[in-house]
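Chain by chain, the residues run as shown.
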Amino acid sequence: MSSFSRSAQQWATFARSWFLIDARMQPPGKIATMCSVRLQGKHKPIYHAKSDCGDHVVVINTKHIAFSGNKWEQKVYSSHTG
């Protein structure tokens, strides 16, 4: 007999969890992909596009992300309003 009951397994599947993602020396695209998968709930077996089954995500060490080449100095972000 297994130690988990069926209801405990179902609760673990439907429950929202917290994920802590360390962004130190990771490319921004990889961090964004990991976060979006967890926020949408695509890592769960019960995923459906119209259901809200995503989890909570906290990203730490965003100050130390890794850009390839000289993107840190050369990248220019501009913002335009109305």
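Look a little higher up for the structure.
Residues numbered from 1 in each chain as written. Predicted model: local features only at pLDDT ≥ 70, side-chain atom pairs only at ≥ 80, totals over all residues. Heavy atoms only, no water.

*Asks:* So what's going on with the pairing of strand β2 (residues 56–60)? Residues and values would help.
*Replies:* Here five bridges tie strand β1 (residues 18–22) to β2, and the two strands are oriented parallel to one another. In the strand pairing of β2, Asp 22 is matched with Ile 60. Note that the unit made of β1, helix α2 (residues 28–40) and β2 has a crossover that is right-handed. (Pairing = 2+ DSSP bridges. Helix = DSSP H or I, 4+ residues; strand = E, 2+ residues; numbered from the N terminus. Right-handed = clockwise from strand over helix to strand, strands pointing away.)

*Asks:* Could you give an account of α2, naming the residues involved and the relevant values?
*Replies:* Look at α2: 18 Å from first C-alpha to last across 13 residues, which is about the 18 Å you get at 1.5 Å a residue. In the stretch just after α2, Gly 41 is the one whose phi turns positive, near 90°. (Expected span 1.5 Å × (residues − 1).)

*Asks:* Mind laying out the pattern of salt bridges, listing which residues take part and the relevant values?
*Replies:* As enumerated under the stated definition, the model contains two salt bridges in all. Residue Arg 16 is joined to Asp 52 by a salt bridge in which the shortest nitrogen-to-oxygen separation is 2.9 Å. Placement of the pair is Arg 16 in the loop between α1 (6–14) and β1 and Asp 52 in the loop between α2 and β2, with a sequence separation of 36 residues. For Lys 44, the salt bridge identified is with Asp 55, shortest N-O distance 3.0 Å. Taken together, the residues Lys 44 in the loop between α2 and β2 and Asp 55 in the loop between α2 and β2 connect sequence positions 11 residues apart. For the pair Lys 44 and Asp 55, a shared accessibility class is recorded, and that class is buried. (Salt bridge = Lys/Arg side-chain N within 4 Å of Asp/Glu carboxyl O. Buried < 20%, exposed > 50% of the residue type's maximum accessible area, 1.4 Å probe, protein only.)

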